[in-house]
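One-letter residues, chain by chain:
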Amino acid sequence: MNLVIAEKPSVARSIAAVIGATEKQNGYWQGGGYLVSWCIGHLVSFAEAGQYDEKYCKWKYEDLPILPQPWQFIVPDEKKQQFEIVRSLLNRPDVDSVTAATDAGREGELIFRFVYQMAGCTKPVKRLWISSMEDAAIREGFANLRPDSDYDALYQSALCRAKADWLVGINATRLFSVLYHKTLTVGRVQTPTLKMLVDRDAKILRFQKEKYYTVGIQSGSLKAGSGRISDAETANFLKEKCTGAVAVCTSVKREKKTEQPPKLYDLTTLQREANRLFGFTAKQTLDYAQQLYEKKLLTYPRTDSQYLTEDMGQTAQHLASDLLGLLPFAQGLDLTPEVGRILNSKKVSDHHAIIPTSEFVKQGFTGLAESECMLMNLVCSKLLCAIAAPHEYETVTAVFSCAGNGFTAKGKTVLVPGWKEIDQRFRSTMKADTEEEVLNTLPELAEGQSFSVTANVSEHFTSPPKAYTEDTLLSAMERAGAEDMPENAERKGLGTPATRAAILEKLVQMGFVQRKGKQLVPTKDGINLAVVLPESLTSPALTAEWENRLTEIAKGNADPDEFMAEI
């Protein structure tokens, strides 16, 4: 018998159906030579500090730091029943091999290994590694199982991540809570993220707006503007001089420009755009994407790649032509797909970019909640945009001289709409929040041409930095510490695509950050916490460096023990 262990019940059910384990038992499925059981997320976790020594139940300064040696594990009460089922299956005499079918990523590997070790199992293990829950993908995955030892480095990386979070979280939280007599939760990734919000908030508070003026000249539909002028007197004087005067065109510069199509979605870009267009939080986007993945309509969402592998060209081609018929906003589109642009196996580590599945083409939007429909439309439109033609346009910059001063007019004409046409159509059907681009077409101009003009003065204010939204914060988390990293560092930034949403939610739950509309703003408690912590805990560069090291450990290029010694 082969025992297959999935990460959650719904996934176990899908796998069981494909491999013929159709008899339902208590806590597992059976049939076709297989037993299929499941975890409920983390069945086994690190023990709380109090389990190492009674005295740690009280938070005391003199007991710190707490450094477990050896590490101990527990099964939380609410998960004991399922753990016992999995343990007895692992140790059943007729089970001779095990398939790890938890999610194909760092955490999934950890979830499986902890259960396998805690159950005291030594049977041979193969790893199922798939990017979609479609039947065909599951079948293909079972045809290409790899020894789980191929993923030892990934497990080491996951273990280091979990231990680092425990050590930093438990010790720093206790230390600062004891010092300041109030519960101050500190975390390896959440604290630097909070610091970024607090720094931005301080910049906004310190900002002093300044008034400035511009002078505009106009002749018919032609408008041109001066640069910034700091005082009203100078601006009014210039306006007087220009009123009724003649402006002469001194230069006309035309430039053809090309805007390449966007890349496909990885989880972070999907979360950012869903936040910008629909106001979804990062967690909502991940939850909807996960539901769609389990319904076999979307590929694996927790990915950090924006490409497909080179053997997927045919798949992408078929998907694109099927989607043209299925999507309301794509009716009658003239699209010659350039699929080569989205294929690059070198840029796909564990999972390829997020795309719709062929199952979605069969089922369409039937039975999906509105939020799921919105997300599916977003992913589909991105796929079509990514393989469409580049967007080409021409910009015109004309400079005029009037009363001894320079004035500039800018215009833009679209030559080939390309991918932007799909994007525009999608946005207008989805009623998404977007900034409409205003195209300004200038009349035909030639150097030396002269116009008699009217003039006006307008008053403006400099604008403060903007508060972070989830969109801009996710982008900042992804780039955090990047300037201090080597160019070729694989993973820069704070957290991973899979964890960033949970970190933002946690900061909000703990009362350190609040949502104001789309904005994320630190609370008084959040500001106070960020201010009292030392730089080693709040520096995004340091945590980004750890994240990069964890990626290197996963690839087998860095030593886990060395990393833990530094933590």
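Conventions we followed
- Residues numbered from 1 in each chain as written.
- Predicted model: local features only at pLDDT ≥ 70, side-chain atom pairs only at ≥ 80, totals over all residues.
- Heavy atoms only, no water.
- Phe/Tyr/Trp six-rings, centres within 6.5 Å; stacked < 30°, edge-to-face > 60°.
- Helix = DSSP H or I, 4+ residues; strand = E, 2+ residues; numbered from the N terminus.
- Buried < 20%, exposed > 50% of the residue type's maximum accessible area, 1.4 Å probe, protein only.
- Lys NZ or Arg CZ within 6 Å of the ring centre and 35° of its normal.
- Pairing = 2+ DSSP bridges.
- Contact = heavy atoms within 4.5 Å.
- Axes fitted to C-alpha atoms, helices over the stretch in contact; angles between N-to-C directions.
- Expected span 1.5 Å × (residues − 1).

**A look at the packing of aromatic side chains**
Tallied over the entire structure, the rule returns 15 aromatic pairs. With centroids separated by 5.9 Å and ring planes inclined at 75°, the aromatic side chains of Tyr 34 and Phe 142 adopt a geometry described as edge-to-face. One end of the pair, Tyr 34, is in strand S4 (residues 34-38); the other, Phe 142, is in helix H4 (residues 135-143), with 108 residues separating them in the sequence. The class of Tyr 34 is partly exposed, set by a relative accessible area of 22%. Since its relative accessible area comes to 14%, Phe 142 is described here as buried. With a centroid separation of 4.6 Å and 40° between ring planes, the pair formed by Phe 46 and Trp 71 is classed as tilted. Separated by 25 residues along the polypeptide, Phe 46 in strand S5 (residues 45-46) and Trp 71 in the loop between S5 and strand S6 (73-74) bring together distant segments of the chain. By the ring-pair criterion, three or more aromatic residues cluster together here, those being Phe 46, Tyr 52, Trp 71, Phe 73, Phe 114 and Trp 166. Above the face of the Trp 29 ring, Lys 24 is positioned so that its terminal group lies 5.4 Å from the ring centre. For Arg 200, the ring lying beneath its charged end belongs to Tyr 468, and the centroid distance is 4.2 Å.

**Concerning the sheet that holds strand S3 (residues 28-31)**
Read across the open sheet, the seven strands follow the order S2-S3-S4-S1-S7-S8-S9; overall the sheet is mixed. In this open sheet, the two edge strands, each paired with only one partner strand, are strand S2 (23-25) and strand S9 (146-147). Across the sheet, helix H2 (residues 80-90) lies against strand S1 (2-6), S3, S4 and strand S7 (97-101), angled at about 155° from S4, the strand it touches most.

**Topic: the environment of Leu 297**
Along the chain, Leu 297 falls in the loop between helix H9 (282-294) and helix H10 (313-326). Separated by 60 residues in sequence, Leu 297 and Thr 357 have C-alpha atoms that sit 5.2 Å apart. Residues within four places of Leu 297 in sequence aside, it is in contact with Leu 292, Pro 356, Thr 357, Glu 359, Phe 360, Gln 363, Leu 368 and Met 376.

**A look at the side chain of Thr 395**
Inspection of the secondary structure assignment puts Thr 395 in strand S13 (residues 391-402). A relative accessible area of 14% places Thr 395 in the buried class. In contact with Thr 395, not counting residues within four places along its chain, are Lys 253, Arg 254, Glu 255, Lys 257, Gly 411 and Lys 412.

**Observations regarding H9**
The terminal C-alpha atoms of H9, which comprises 13 residues, lie 18 Å apart, in line with the 18 Å expected from a rise of 1.5 Å per residue. Listed in full, the buried residues belonging to H9 are Ala 282, Thr 285, Leu 286, Tyr 288, Ala 289, Gln 290, Leu 292 and Tyr 293. One or two residues past the end of H9 sits Lys 296, with phi positive at roughly 70°.

**Comments concerning unusual backbone geometry**
Between Leu 64 and Pro 65 the backbone carries a cis peptide bond, its omega angle lying at -5°. Considering the arrangement of structural elements, one finds Pro 65 in the loop between S5 and S6. Pro 70 follows Gln 69 through a cis peptide bond whose omega is -10°. The topology assignment puts Pro 70 in the loop between S5 and S6.

**Description of the pairing of S3**
Burial along S3 is two-sided: the face carrying Tyr 28 and Gln 30 and the face carrying Trp 29 and Gly 31 are both buried. Where S2 meets S3, three bridges bridge the pair, whose relative direction is antiparallel. Within S3, the residue paired with Lys 24 across the bridge is Trp 29. Adjacent in sequence and paired antiparallel, S2 and S3 are bridged by two residues, among which Gly 27 carries a positive phi angle near 85°. Looking at chain direction, S3 and S4 are connected through four bridges and run antiparallel. Residue pairing for S4: Gly 31 is matched across the bridge by Tyr 34. Hairpin remark: S3 followed by S4, antiparallel, with two residues in the connecting loop; positive phi at Gly 32, about 60°.

Coordinates in, geometry out; function isn't part of it.
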